[in-house]
Structure formats: C-alpha cells, structure tokens
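Listed here are the chains, written in short residue letters.
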Amino acid sequence: MKITATKKTLSTALSRIQGIVEKSSIKPIISNALIKAGNEGISVSATNLQIGMRATYKEVKVEKEGTISVNARKLFEIVKELPEGEITLTEKENYWIEITCGKDLKFNIIGLPPEDFPVFIKEEKKEFVEWSTEKIIEMIYLTSFSISRDEANPSINGAFIENIEGNKTRMVSTDGYRLSIADEELERNKLLDEGLLIPQKAVLELNKILIEKKEEKSLFVMATSNSLLIKISEVEFSIRLIDKKFPDYKVIVPGEGYKKIEAYIEKDKLRSALKRMSIISNENNRPVFFSFKKKEVEIFTEDSELGNVKEIIELKDSTSVDFKFCINCSYLLDIINVLEEDIIVEFNAEEENKPIIVKSVTRKNIKYIIMPMLMD
Amino acid sequence: MAVEDLKKSIAGGVVAPLYFFYGDNAPFIEEAIRLVAATLFPAGAAELDVRHLDAQSQGPGDILQAVRTISFFARKKLVIVRQAHHLKQPQWDVLAPYLKKPADSCCLIFILLLDEKDKKDKGRIEALKKFAPAFAFQNPKGDKQIALFVKSRLAHYGKTISPEALAYCGAILGENAQAISGEVEKLALYCGERTKVEAADVDEVLCGGGRGTIFNLVDAVGQGRLEPSLELLGGILAAGVHPLVVLKMIARQFRLIGTARLMLDQGENATRIGQRLRLPEFVVRGVIQQAKSWPAERLGMVFEEIFQANYLSKSSRAEGHIVLERLLLRLPELRA
C-alpha cells in the first residue's frame, strides 16, 4: 500500500478515532488503526470491541492499493509533529510502515498483520431508518450528563433509548440520584419497542462525531438486538449495546393523579444563586435547602467547616402551598446548564421525600427527576 | 454478635443501618453483602438503590450524599464503602454525626479487607470499630474450619463432597479463603452435572492428575510396601504436589490407622470403626487391614517420625522430597 495525503486529512482521520482505540490492551491490535487504500481513497477504522468507527476519505492519492494496521496513537503523534504538507505512508516488508514528509523526514514504524484486525461492522440486510441529526444531538445533550459512570453497575452505565406512545422516541439516563428524560419525534424503529441501552462511552464518542457532522440533516440507524450501526455522511459508527435491563424508570416518574405544587423560577437568577451555594456545598456534597413560601424561595446551605450562605429569589408566580426540600444543588445546576429557558419545579404536596420534578416552561418533551436528600 | 448470628439475623429480615465488615475472608464478606442485598431487594431490582463507593477515591461527601439521598424504589437503600481504611480521622469527623445517628432509610456497610500486613495494624481496625457494629470475617484455620468452608462454598454450586475428597482438599488448599474459593469453583465446574465431588476429582483438578494418586501412596505406605511407595511419591511430586501436602496426607492416614488400631484393641468391630471414621466402607476395610499390621506402640514411633519430618521440612534447609523419601524408608522398619 502506498498513499499520499495532506497532514490535515490524516490528522482529521486519526483524531476521530483517538477516543475509541485502547491505550493499552492485552490485544495490541485493538490499539491499532486499520487503513485500507482502494480506488476511491482510504478508509480508516478503529475499534475497542465495544465501539467501532470507520470513515472514508476520498481526498487521498492512492499509488498502490492495500491495507495496513498501525498503532493509532503513535501514528497520530507522528502526524501532529510533521510539518504542514503532504505525507506518504508506504507499506514495507514484515508489516513495517514508512512515513515520509518531504525529502528529508522519514519515520519507520512497525505495524501488525491487518488480517488480525477484528471485524466490527457487519453488513446486514436490514433496513436503515432515517433520524434527524439535530434531534439526536439534542437528546444526547439533554440527558447524557446524568448517565452513571459506575461501570460496576452496567444497567445504568448507558443511555436508554426506546419507542413510546405518540410515535415518539425517548432517551433516558440515570445515575441513581437523578433521572433525565428527553422525547423526540423520530422515524420508528421496531427494535426500539423493547428499548436499547447504549454504553456511556459510546454516547460520548457518537456525540463528538454528530457535533462535527451537525450540518448533515440526517443520520441513518440500523439496530439489531445487540448492536447499533449509525451512518452519517462518510462515517460509520458501530456500538455493542449493554446486555442488561435498564431499570423500570416509569415507576419513578409521578403520573398526573397526585396533588402537586409548582414553582416557576427564572433560570438565570437560580443559576447565579446555585453557583454561590456550590462554593459552600461542593466541598462535602452538602445538601442545599429550598424553602418555598408564596412568592419567594429561600435557598440555604452550610458546611460546619466552611460556613453558610442564604439567598432569597423571587418567583414568577406564588406557590399555592409552602414547601421545602433539600438536594445536591449540582444536579439542579446540571439541568439549568442544558436548558435555555426558565424552569418549573414540581413537588408532591401530600408526601415528603418524594421525587422533585424539574421541567422546562416551554418544552413539554423534557423532564428531570432529582431524588431529595434527607433533611438534617 | 458472631458472623453466623449476623447472617441469621439478616436472613430473618433484620438489617441494621450500619455495619463494619472486616477480615481476610473476602468470599464470606461478599456473601454477607449479597445476603443484605437479597433481604433489602427481594424482587432483585437493585440497580438504582445500591451504591458502591471506594474510600480510596471517594470521600465523606460522596458517602453522605449516597446515604442521605432518598431511594428511587426500595424502602431502604444499600451503600457499600470499600477500602474503608483510606478514610482518615478528619474524614471520620465529617461522617461522625451521621454514624452516631444513621438513617433508617439506608444500610451503610464499611468494608476493610485485610492482608497479612494489615493484620498487624490493629489500630486501624479499632478506629473503625468505634463507628459501626463490627464483624470479623476470618480465613478458616485448621482442617475442621477449612473443611466447613470448602463444604459451604461447594454448596453454592449445589455440590457435596466425600469425606476423602474433603480431607484431600484440607491438605492441599491451605487457609486463604479467596484461594480456596477459586479452587472450589474449578472443582465444581469440573464435576459438571455430578453433584458429589470425589477424591479423584480433587486429584485431577487440584493436583494435575499426577502419575499416581496420593491415596494410592498412603495406602502403599500403610501397607508397608516400600518400592511402590517411592515410585508413587516420585510421580506425585513430579506432578507439582507440594511435599507438605503429601506429608499431611500420610499423617492423616496414620491417624486413621491409629484410631482403627485402638478400636480393634478395644474389641470393636468393623461397623463401629466405620461409624467412627465416617469414611466409605471400602476405605474403612483398607484402613482396618493396615491397622492390623501396626501395633499401637509402633504407631507412637511413626508419629514421632512424621513430627520430625514436618519439623525438618519447615525449619531446615532439607529439601522436601528428601525428607519424604527418608520417612518412607524409615516407616517399614517400624512396622511389625
């Protein structure tokens, strides 16, 4: 194989896969990129056996077709350090790869047999459904912050996506303290009737690609019982799904048949106040107390080693009943940070220690639940 | 309260808001945690209500948040804090108000797994004991406890074990609960559908089969047959069995012979001896046959020789196989 590409093209191709390849692995091949040169340019693939990505690049001069497998991180480091201009990769004997830039600069690095590279994108004859790129980016943005990072608990270490009534698709995430829900109208995929659990790392890598490709109106999705294949423009993304059942979150979401109190709060005022609270509360995850009284809410926190802070914010409307609760304020801040509009805080008027609901004042398709903390 | 009482209490539905589990017996600690989880979440849906924290990277703030946040589903949530020794005094001070009055809506368990080095660090354990009801989960000590441990681990896989195989396990496995659990798992998997583990299974799985089983060797020794004894010993040691394991099994054989001899001298019959030895009939027959050729006074000398061999193996530079060969050469001289 012999190809020549610009530094920019190679940098783009290799930077895309850096989040996927394993830094060190008992299987060295999964630290490698597979570069395949054909008559239409090159394809660059990487996988960590959970996530795989393949992208094609046409703006490459292919002098000799072939395939090489080379350490993705090392090649990226080399390319980054090379001067601007054209870079040539040439396959040598015994899996050696020569990298040249101009006349005076030459690297020789050893690769691995390309036939050992795992097959991670299986072409199946199932049909792809077309989804709006913008809507998927939005769903990930609205929910991914609350995915549990606890890999010991795989059932919640991912974003759950499923069909719901009204021809809508729902993305849900939780870390055991809070739950995020975002609904969007998307083309229906039958496999989502049962729901799919996408690993957190895959969600984050997918999000990077989608944001890079946000000008693409659509992405194409094919789901099987254990994998998800996503195509967007020249990039193919394969995800091995988590083989665990997502908790039955619907039990947690309060229905309509209970007496609730709602408080309308201006987002900017609340965000500023919470940032001030977090100076004191963040040190030891101290609870922040919210006390709603008619047209105002008093927010208070204290830490025995640091001190305390209290602030009163005026509400847009009076609440029908006084109520109070305490929560980890960073959870409320996370929600406010992803919403552009003011929020409504909903509380169970009849029972203590029930979930706190946070909603957007304008968008009905978003709902957050925060579990309260015990009052001291 | 002892660990067994704790297990009974939890199984009976009584789960305290705070525990401190420590010791070197990791499998038993995990079993106790599973028992707590099974009691708190009988339906099994524990994904949202169990928090695993590690005190090496998570501090009192994380612990307090976990215990104070109301559970999504269950009446009571479970918070497990591993490597509790990483919490320093100022961090315990932050936790102290909660530990003095823990919430009923949570069961908080601090875990401290001890290795040999840690066992000497008693101050650490005592410091933790101040804050929570403490339960020591210790490695099994001695043949009896090892046997009980092996039996209980096998019961997890729905298996029982013959007395011979159990004695063999006791000689081979040592006293590390984690290591025993690993070996027992291998045994259980090897047996597949069979529910009873036999000595041959232990020999095959834990001693690589050898060229001859330890049971053939101890029988040959008991019968005073020097040449096959030495040949079998060579094969067993070549298969990687530790000399001390072989010595332990020879000592066990002579304990059986001694018991049988004593009972024969008291006029007891084979049935009574079998009831006492609690071994399969064909093994008892062999032991009685061997006991008939070992007078009681000679057996005292045999035990003296075994004691010497044990002492030499453990306290001198003498190589194990030489000590064993010397013992095998000496024993027939003592026989009637």
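Within each chain, residue numbers correspond to sequence positions counted from 1 in written order. The lettering of chains begins at A and the numbering of ligands begins at 1, in the order of writing. Note on the predicted model: pLDDT of at least 70 is required for a residue's local features to be given, and 80 or more for side-chain atom pairs to be given and counted; whole-chain, interface and lining totals, by contrast, use all residues. The side-chain figures draw on all heavy atoms in the structure; neither hydrogens nor water molecules are used.

**Some words on the overall build of chain B**
Then, in step 1: Runs of E in the DSSP output that reach at least two residues are strands. Runs of H or I that reach at least four are helices, and both are numbered from the N terminus. Of the regular secondary structure elements, chain B holds 17 helices and seven strands.
Then, in step 2: Over its C-alpha atoms, taken along the principal directions, chain B stretches across nearly 75 × 40 × 35 Å.
Then, in step 3: Residue burial is assigned from relative accessible area. The probe radius is 1.4 Å, only protein chains are included, and a residue is buried under 20% of its type maximum, exposed over 50%, and partly exposed in between. Looking at chain B as a whole, 50% of its 336 residues are labelled buried.
Then, in step 4: Here a residue-residue contact requires only that any non-hydrogen atoms of the pair lie within 4.5 Å. A sequence separation of at least 24 residues applies to 77% of the contacts in chain B between residues at least 6 apart.
Then, in step 5: With residues, only the protein chains shown are counted as cover, and all accessible areas are computed by Shrake-Rupley using a 1.4 Å probe. Summed over its atoms, the accessible surface of chain B is roughly 16,100 Å², and 53% of this surface lies on carbon and sulfur atoms.
Then, in step 6: In this charge count, Lys and Arg are treated as positive and Asp and Glu as negative; neither His nor the chain ends contribute. Charged groups are reduced to one reference atom each: NZ for lysine, CZ for arginine, CG for aspartic acid, CD for glutamic acid. Between the mean site of the 44 positive side-chain charges and the mean site of the 38 negative ones, chain B shows a separation of 5 Å.

**As for the domain arrangement of chain A**
Residue and element names in this part refer to chain A.
Then, in step 1: What the domain assignment reports for chain A is domain 1 (2-116), domain 2 (129-250) and domain 3 (255-363).
Then, in step 2: Its C-alpha centre places domain 1 at a distance of 29 Å from the equivalent point of domain 2.
Then, in step 3: With 13 residues of domain 1 at the interface, the matching set in domain 2 holds 15 residues.
Then, in step 4: Counting the surface lost from both domain 1 and domain 2, the interface buries some 1,200 Å², and carbon and sulfur atoms represent 44% of this.
Then, in step 5: Here, a salt bridge means any Lys or Arg side-chain nitrogen found within 4 Å of an Asp or Glu carboxyl oxygen. Our enumeration of links across domain 1 and domain 2 arrives at three salt bridges.
Then, in step 6: Its salt-bridge partner being Glu 236, residue Arg 54 comes within 2.9 Å of it at the nearest N-O pair.
Then, in step 7: Counting of polar contacts relies on pairs of N or O atoms within 3.5 Å, with two restrictions inside protein: one atom must be capable of donating a hydrogen and the other of accepting it, and residues adjacent in sequence are counted only when both atoms are side-chain atoms. At the boundary of domain 1 with domain 2, the tally comes to seven residue pairs in polar contact (both at pLDDT 80 or more).
Then, in step 8: Secondary-structure elements contributing two or more residues to the side of domain 1 that touches domain 2 are helix 1 (7-17) and strand 4 (51-57). Just so you know, the domain bounds were taken from an automatic or database domain assignment. Here the buried area means the combined drop in accessible surface, using a 1.4 Å probe, for two parts upon being joined, counting both sides.

**Notes on the sheet that holds strand 1 (residues 2-6) of chain A**
All names here are of chain A.
Then, in step 1: Two strands are counted as paired when DSSP detects at least two bridges linking them. The strand order 5-1-7-8-9 describes an open sheet built from five strands, whose pairing is antiparallel. Every interior strand has two partners, whereas the edge strands, strand 5 (61-64) and strand 9 (105-110), have only one. Strand-to-strand twist across the sheet, computed as the mean angle between neighbouring axes with direction ignored, equals 20 degrees.
Then, in step 2: Pairing between strand 7 (residues 86-91) and strand 8 (residues 96-101): four bridges, direction antiparallel. By the bridge assignment for strand 8, Leu 89 is matched with Ile 99.
Then, in step 3: Packing of helix 1 onto the sheet brings it into contact with strand 1 and strand 7, and relative to strand 1 it is tilted by some 100 degrees. The convention used is that axes are lines fitted to C-alpha atoms, helices contributing only their stretch in contact, and that angles between N-to-C directions extend from 0 to 180 degrees.

**Quick word on the domain arrangement of chain B**
Residue and element names in this part refer to chain B.
Then, in step 1: Partitioning chain B into domains gives domain 1 (3-136), domain 2 (142-207) and domain 3 (214-335).
Then, in step 2: Centre-to-centre separation of domain 2 and domain 3, based on C-alpha positions: 22 Å.
Then, in step 3: On the domain 3 side, the residues contacting the 11 residues of domain 2 number 13 residues.
Then, in step 4: Of the roughly 1,000 Å² buried where domain 2 meets domain 3, counting both sides, 66% is carbon and sulfur surface.
Then, in step 5: Where domain 2 touches domain 3, the interface holds zero salt bridges.
Then, in step 6: The interface formed by domain 2 and domain 3 includes zero residue pairs in polar contact (both at pLDDT 80 or more).
Then, in step 7: Those elements giving two or more residues to the side of domain 2 that touches domain 3 turn out to be helix 8 (163-173) and helix 10 (199-206).
Then, in step 8: Under this grouping Gly is polar, as are all residues other than the nonpolar Ala, Val, Leu, Ile, Met, Phe, Trp, Tyr, Cys and Pro and the charged Asp, Glu, Lys and Arg. For the side of domain 2 that touches domain 3, the per-class residue count stands at seven nonpolar, one polar and three charged.

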